[in-house]
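Here's the letter readout for the chains.
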Amino acid sequence: MASTKGYLDFVLEQLSGLDEISFRAMMGEYILYYRGRIFGGIYDDRLLVKPVPAAAKLMPDASMELPYDGAKEMLLVDDIDNREFLCKLVEAMYEELPAPKKKNG
């Protein structure tokens, strides 16, 4: 099941307190970026984030879920209605996210 644009719009609105949030559509789902680094995505209308230590610390009871078959497990963000928490979560994760790969060419 693909994610809806409405769910994406809601999550982006919740994160509107942060600069440089962007997304890329990929096979019916959405990859989410903060300052050019992937922090998570929207899969089947669920917000999933990379299980970096900062995210695990802020969401100690979060369940690990598969975004799609064959992928690595990610943390499910339950509290998407809490705008302040979401912004804090993404900012806390930033330093622990891998830098974007350099493109050849």
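Residues numbered from 1 in each chain as written. Predicted model: local features only at pLDDT ≥ 70, side-chain atom pairs only at ≥ 80, totals over all residues. Heavy atoms only, no water.

## Some points on the overall build of the protein
The line we're drawing: The helix count covers DSSP runs of H or I at least four residues long, the strand count covers runs of E at least two residues long, and both are numbered beginning at the N terminus. C-alpha atoms define the radius of gyration in this analysis, and the globule rule sets the expected value at 2.2 Å times the number of residues to the power 0.38. Partly exposed residues are those whose accessible area sits between 20% and 50% of the maximum for their type, while under 20% is buried and over 50% is exposed, using a 1.4 Å probe and protein chains only. We call two residues in contact whenever any of their non-hydrogen atoms come within 4.5 Å of each other. Note on charges: Lys and Arg go in the positive column, Asp and Glu in the negative column, and His and the chain ends are not counted at all. Just so you know, the charge point we use is NZ for Lys, CZ for Arg, CG for Asp and CD for Glu.
Regarding its fold elements, the protein presents three helices and six strands. Secondary structure of the protein in N-to-C order comes out as α-β-β-β-β-α-β-β-α. Computed over the C-alpha atoms, the radius of gyration of the protein is 13 Å, within 12% of the 13 Å expected from 2.2 N^0.38 for a compact globule of 105 residues. Taken along the three principal axes of its C-alpha coordinates, the protein extends 40 × 30 × 25 Å. Taken across its 105 residues, the protein has 41% of its residues classed as buried. Intrachain contacts of the protein at a sequence separation of at least 6 include 52% that bridge at least 24 residues. Between the centroid of the 13 positive side chains of the protein and the centroid of its 18 negative side chains there is a distance of 10 Å.

## Examining the pattern of salt bridges
Close approach of charged atoms allows side chains of opposite charge to pair. Formally: Think of a salt bridge as a Lys or Arg side-chain nitrogen and an Asp or Glu carboxyl oxygen that are within 4 Å of each other.
Within the structure shown, the criterion is met by four salt bridges. Asp9 is the partner of Lys5 in a salt bridge, and the nearest nitrogen-oxygen pair spans 2.9 Å. Placement of the pair is Lys5 and Asp9 together in helix 1 (residues 5–14), with a separation of four residues, close to one helical turn. Its relative accessible area of 36% is what places Asp9 among the partly exposed residues. Arg46 serves as the salt-bridge partner of Glu65, at 2.5 Å between the closest nitrogen and oxygen. Taken as a pair, Glu65 in strand 5 (residues 64–65) and Arg46 in strand 4 (residues 46–49) lie far apart in primary sequence, 19 residues in all. What you see here is one network of salt bridges that share partners, running through Asp44, Arg46 and Glu65.

## Comments concerning the pairing of strand 3 (residues 37–43)
Each regular strand shows side chains that alternate between the opposite faces of the sheet. The line we're drawing: Two strands pair if DSSP finds at least two bridges between them.
Taking burial as the measure, the seven residues of strand 3 include six buried ones, the bulk of the element. As paired strands, strand 2 (residues 29–34) and strand 3 are joined by five bridges and run antiparallel to one another. Looking at the pairing, Tyr30 lines up with Ile42 of strand 3. Where strand 2 folds back on strand 3, the antiparallel hairpin that results is connected by two residues, among which Arg35 adopts a positive phi of roughly 50°. Where strand 3 and strand 4 come together, four bridges link them in antiparallel fashion. By the bridge assignment, Ile42 is partnered in strand 4 with Leu47. With antiparallel pairing between neighbouring strands as the criterion, strand 3 and strand 4 make up a hairpin whose turn holds two residues, including Asp44 at a positive phi of roughly 50°.

## A closer look at the environment of Gly6
Assignment of secondary structure puts Gly6 in helix 1. A residue is classified by how much of its surface remains accessible, and Gly6, at 48% relative accessible area, is partly exposed. In this structure, the C-alpha to C-alpha distance between Gly6 and Leu47, residues 41 residues apart in sequence, is 13 Å.

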